[in-house]
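Commentary on secondary and tertiary structure
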Amino acid sequence: MNIFILTGSGVSADSGLRTFRDEENGIWMGECIKDVACSDSFETNPELFNKFYNGLREAVDEHAPNPAHYAIADYINKTKNNVMLVTQNVDNYHEIASGGKHKVRKMHGSLYKMVCVKCGNCYEVGSGYCHQMTSACEDCGEVGSIRTNIVCFGENVHYQEEINKFLYKDECGNRLDYFIAIGTSGVVYPAAGFVKRAHFNSTKVYINLDMKDASHIYKHKITGRAAETVPVFFEKLFNEHG
Ligand code: OAD
């Protein structure tokens, strides 16, 4: 079977990270998207941009993956099925949970990758990293041109082509069997449109804290906290389909 898993910030909420649109504590309730998450935000106010992503990285470092991340990693480890795991999240919890063994397609980039906007030089950073705007690019020597390599609104997401292919049929022509979305409001494109591109015969499952957002598109719905629902779901999937 071919299984596509899409996760959003709700999968990391039980780790203690904030989601984006939670009415009480969502990141976008206190921060303006255009100031820190648009394609011109870095150019307009690099210090604010840098401070914002340093803050997100610090929060990720202070917390840890939860049972939902471990259940997904455990399932991918033991199943014979062909799984593509795509996350909109810029934290590194899927990677930590899998011990770095699985390919996680981070379509919105990563807090642990930096890029020089002048020469395109990309490099990885570890936990505890705090970016200083005064650092010079090791490649081109420019000072103040390095930013966290996350995808801003107006920029292309990563892995789009691979994802599009897998949503319908894999490279051998086998069709998608399961589309599973976990902890995402389904309002940000292109991820919000994946479910509509998924093969029409695939089983579409939505696992989320509540059903107020994207649930109408899915036939199978599981309501509750990811840390509780996701382990139960993947155990059942494994028992039924290996
Ligand atoms: P949202 O904040 O839009 O949605 C998070 C979803 O998770 C909501 O539907 C919540 O109900 C649900 N949720 C909250 N706590 C949960 C829990 N404990 N268990 C299960 N579900 C829970 O976040 P995303 O859908 O991830 O992109 O947002 C998508 C993109 O919008 C992000 O990647 C980011 C943001 O702007 C960029 O910045 C480009």
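Residues numbered from 1 in each chain as written. Predicted model: local features only at pLDDT ≥ 70, side-chain atom pairs only at ≥ 80, totals over all residues. Heavy atoms only, no water.

**As for the packing of aromatic side chains**
The full count for this structure, using the stated rule, is 14 aromatic pairs. The interplanar angle of 15 degrees and the centroid separation of 5.3 Å between the aromatic rings of F4 and F179 together place this pair among those described as stacked. Taken together, the residues F4 in strand 1 (residues 2–7) and F179 in strand 7 (residues 178–182) connect sequence positions 175 residues apart. Where F52 meets Y53, the ring centres are 4.7 Å apart and the plane angle is 85 degrees; that geometry is what we call edge-to-face. (Phe/Tyr/Trp six-rings, centres within 6.5 Å; stacked < 30°, edge-to-face > 60°. Helix = DSSP H or I, 4+ residues; strand = E, 2+ residues; numbered from the N terminus.)

**Quick word on the site of the ligand**
With respect to spatial proximity, 24 residues lie near the ligand, and among them S9, F20, R21, T184 and S185 are the closest. Within the backbone of G10, one N or O atom sits 3.4 Å away from a nitrogen atom of the ligand. Side-chain polar atom of D14 to a nitrogen atom of the ligand: 3.1 Å apart, as the coordinates give it. For the ligand, whose accessible area on its own is 800 Å², the fraction buried by protein is 94%. Of the residues that constitute the shell around the ligand, the class distribution is 8 nonpolar, 11 polar and 5 charged. (Near = heavy atom within 4 Å. Polar contact = N/O pair within 3.5 Å; in protein donor to acceptor, adjacent residues only side chain to side chain. Areas by Shrake-Rupley, 256 points an atom, 1.4 Å probe, with all protein chains shown as cover. Nonpolar A, V, L, I, M, F, W, Y, C, P; charged D, E, K, R; others polar.)

**A closer look at the pattern of salt bridges**
A side chain with one charge can pair with a side chain of the opposite charge if their charged atoms come near. If you walk through the whole model with that rule in mind, you get 10 salt bridges. Put simply, D14 and R225 hold a salt bridge, and the shortest N to O gap is 2.7 Å. Taken together, the residues D14 in the loop between helix 1 (10–13) and helix 2 (27–30) and R225 in the loop between strand 9 (220–223) and helix 10 (226–241) connect sequence positions 211 residues apart. Here R105 makes a salt bridge to E162, at a shortest N to O gap of 2.6 Å. One end of the pair, R105, is in strand 3 (residues 104–106); the other, E162, is in helix 8 (residues 160–168), with 57 residues separating them in the sequence. We classify E162 as partly exposed; its relative accessible area is 33%. (Salt bridge = Lys/Arg side-chain N within 4 Å of Asp/Glu carboxyl O. Buried < 20%, exposed > 50% of the residue type's maximum accessible area, 1.4 Å probe, protein only.)

So, to be careful, I would describe these as geometric facts and stop short of saying anything about function.
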